[in-house]
Each structure stands twice: as C-alpha cells, then as structure tokens.
Amino acid sequence: KQWYQRRVRVPLEEQQQRFGNRAFRTLGERIVAKSQEWIEGILPEDKRGAVIELKPYFDESFGSFDRIDYGTGHEINFLAFCCCLYKIGLLAESDHVATVFFLFNKYLTLMRKIQLHYKLEPAGSQGVWGLDDYQFIPFIFGSAQLVAHPQLAPEDLVDAETVSQHHEDFMFFGCIQFINQVKVGPFAEHSNQLWNISAVKTWSKVNQGLIKMYKAEVLCKQPVIQHFVFGSLLSYEAQPALSSTFAGGRLNLPGPT
C-alpha cells in the first residue's frame, strides 16, 4: 500500500462518464514499467530468473488497464503470483496462514481502494446473482476461517451489528462490511446469493459450496480464464471434462426465513 501511495497513485482525470476513470491507464503504465524492479527486489539473486513468469501475474492482478475494469479473472492472477512464490521456494508450507491473512488480505485492501478511487467497472459481474462485484476468493478463505468458530454462524452475516463487530478479525465478515458500506437497499436484494448463504447451517457446508461454485463460475468459464497465461511454474495439462456437478454455479438455496 505504501508504494502505491508514494510511487504510482495517479490523480483522477476530469471526465463526463461516471465509471472507469482514465487515470487508471496511467496507473497501469507505471505498474507495468516498475513491476520487474519490485519483484526482483523481493527475490534472492539465484531466483530472479523467475521474474519473467511472475511479472505477468503481478501486472494482471490489478485489473484490465485497457478496459478499466477488475474481476475474478484478475484476482486469480494474484493467487497465481503467490503460488509461484511457493513454487520457487520463496514461501513454504509454514507460510500458509500468513499468505492468506497477511499477504492476500493486504492485496484485498489495496484493491478495494483502487476499485473505489478509479471507479473500476466490475468485469463479468453477475449482479445480484454474484457474491460480490469484484471478488470471490476471500469468501472461500473467510468461510474456511470460520469453520470451527464456536459462536458465529452463517446466519450472522446478515446482521449488520455482528458484521461490524467482527469484520476486522474475520475475512468473510470483512467482505460483508465492505458490501454494506458501498451498496444501498435491502441486503437480500443487492446481495441475493450471500443472503441465501446465510440459510446454510454450517461454515463447512458454505465453504464446500463456494469451492464448487468457484470451479463452475470462474475456473470453468472461458471468458474469465481465456487470458490466463501458463509457463514452467504453472504449466497447462489437458484434463478430462468435468462432470455435471459443476454445470451450474449458483447455490440455489431458498434463503433465510
């Protein structure tokens, strides 16, 4: 966040359209121009050859500088960037918790600032049928974090007071808090999928359902995954067609009563 504020943050341009400020393209030019230097700065000398594969994932994780939008296809690139850090040995199994709740959470916080500041268009948003206009992964991480919680239940995500009380400690509630801050109207109307999820009895079932939904709505969607690049660290190997289990991504739950 500091390097963004000090080195690359770009003042907004004056324009008539409400969304997609063109200054985001200037931000993109700065990130693309400097990212190799930044990445090399965190790598030991003997691992700097990996920058050729790390850089595309890092650059793409901020959104499309051409279309001035951001969505799950960009979010997955940051996951790929983190995965590559594991592949080259910079991160280890002992770093799993820190990767999610420090590194990814820092990225999530920064992207929320960028989304609001440059008024980015949601890329491929499903509106009320999506979890969030921009993100998906923090709901998976966040539900996993709550699996063994003795008190908080899925039904609590629609209680604004509970969300406000716990949003700094639990990633899932942090996502709901952000939605509550940027959207208006009844929660069941602007976030119908999340409202439906509140009817699920356990966080474990929520987590399992979200993983299936992610496979169907992100990993298996050509418009989302078509721009993803492969290399020696993350290679492509053809797999058999997925079963009809992933044919539809919505949880199709009745919602709380």
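Residues numbered from 1 in each chain as written. Predicted model: local features only at pLDDT ≥ 70, side-chain atom pairs only at ≥ 80, totals over all residues. Heavy atoms only, no water.

Here the focus is helix H5 (residues 96-117). Compared with an ideal rise of 1.5 Å per residue, which puts 22 residues at 32 Å, H5 spans 30 Å between its outermost C-alpha atoms and is within 8% of the ideal. Just downstream of H5, Lys119 is the residue with a positive phi angle, here 50°. (Helix = DSSP H or I, 4+ residues; strand = E, 2+ residues; numbered from the N terminus. Expected span 1.5 Å × (residues − 1).)

Tracing the backbone shows Gln115 in helix H5. Judged by relative accessible area, which is 3%, Gln115 ranks as buried. Looking at Gln115, its side chain comes within polar contact range of the side chain of Gln135, at 2.9 Å. (Buried < 20%, exposed > 50% of the residue type's maximum accessible area, 1.4 Å probe, protein only. Polar contact = N/O pair within 3.5 Å; in protein donor to acceptor, adjacent residues only side chain to side chain.)

Turning to unusual backbone geometry, a few remarks are in order. Even without being a glycine, Ile68 presents a positive backbone phi close to 60°. Mapped onto the secondary structure, Ile68 falls in the loop between helix H3 (51-60) and strand E1 (69-70). In this model, Lys119 sits at a positive phi of 50°, which is unusual for a non-glycine residue. Looking at where Lys119 falls in the secondary structure, it is placed in the loop between H5 and strand E2 (121-122). Judged by relative accessible area, Lys119 falls into the partly exposed class, the value being 37%.

Our focus in this paragraph is the pattern of salt bridges. Following the criterion strictly, the structure yields six salt bridges and no others. Across the pair Lys34 and Glu37 runs a salt bridge whose closest N-O atoms are separated by 2.8 Å. Separated by three residues within a single helix, Lys34 and Glu37 lie in helix H2 (residues 23-42), roughly one turn from each other. Classification of Glu37 as partly exposed rests on a relative accessible area of 47%. When the shortest N-O distance is used, the salt bridge between Arg67 and Asp69 registers 3.0 Å. (Salt bridge = Lys/Arg side-chain N within 4 Å of Asp/Glu carboxyl O.)

Mapped onto the secondary structure, His74 falls in helix H4 (residues 72-87). Contacts of His74, omitting those with residues within four sequence positions, involve Glu60, Ser61, Gly63, Ser64, Arg67, Asp69, Tyr107 and Ala123. (Contact = heavy atoms within 4.5 Å.)

Right, let's talk about H2 for a bit. Between its first and last C-alpha atoms H2 spans 28 Å; for 20 residues at 1.5 Å apiece the expected length is 28 Å, and the two agree. At Lys34, H2 is deflected by roughly 45°, the largest bend along its length. (Bend = angle between axes of the 7 residues up to and from the residue.)

In this structure, Glu60 sits in helix H3. Considered as a pair, Glu60 and His74 are 14 residues apart in the sequence and their alpha carbons are 5.8 Å apart.

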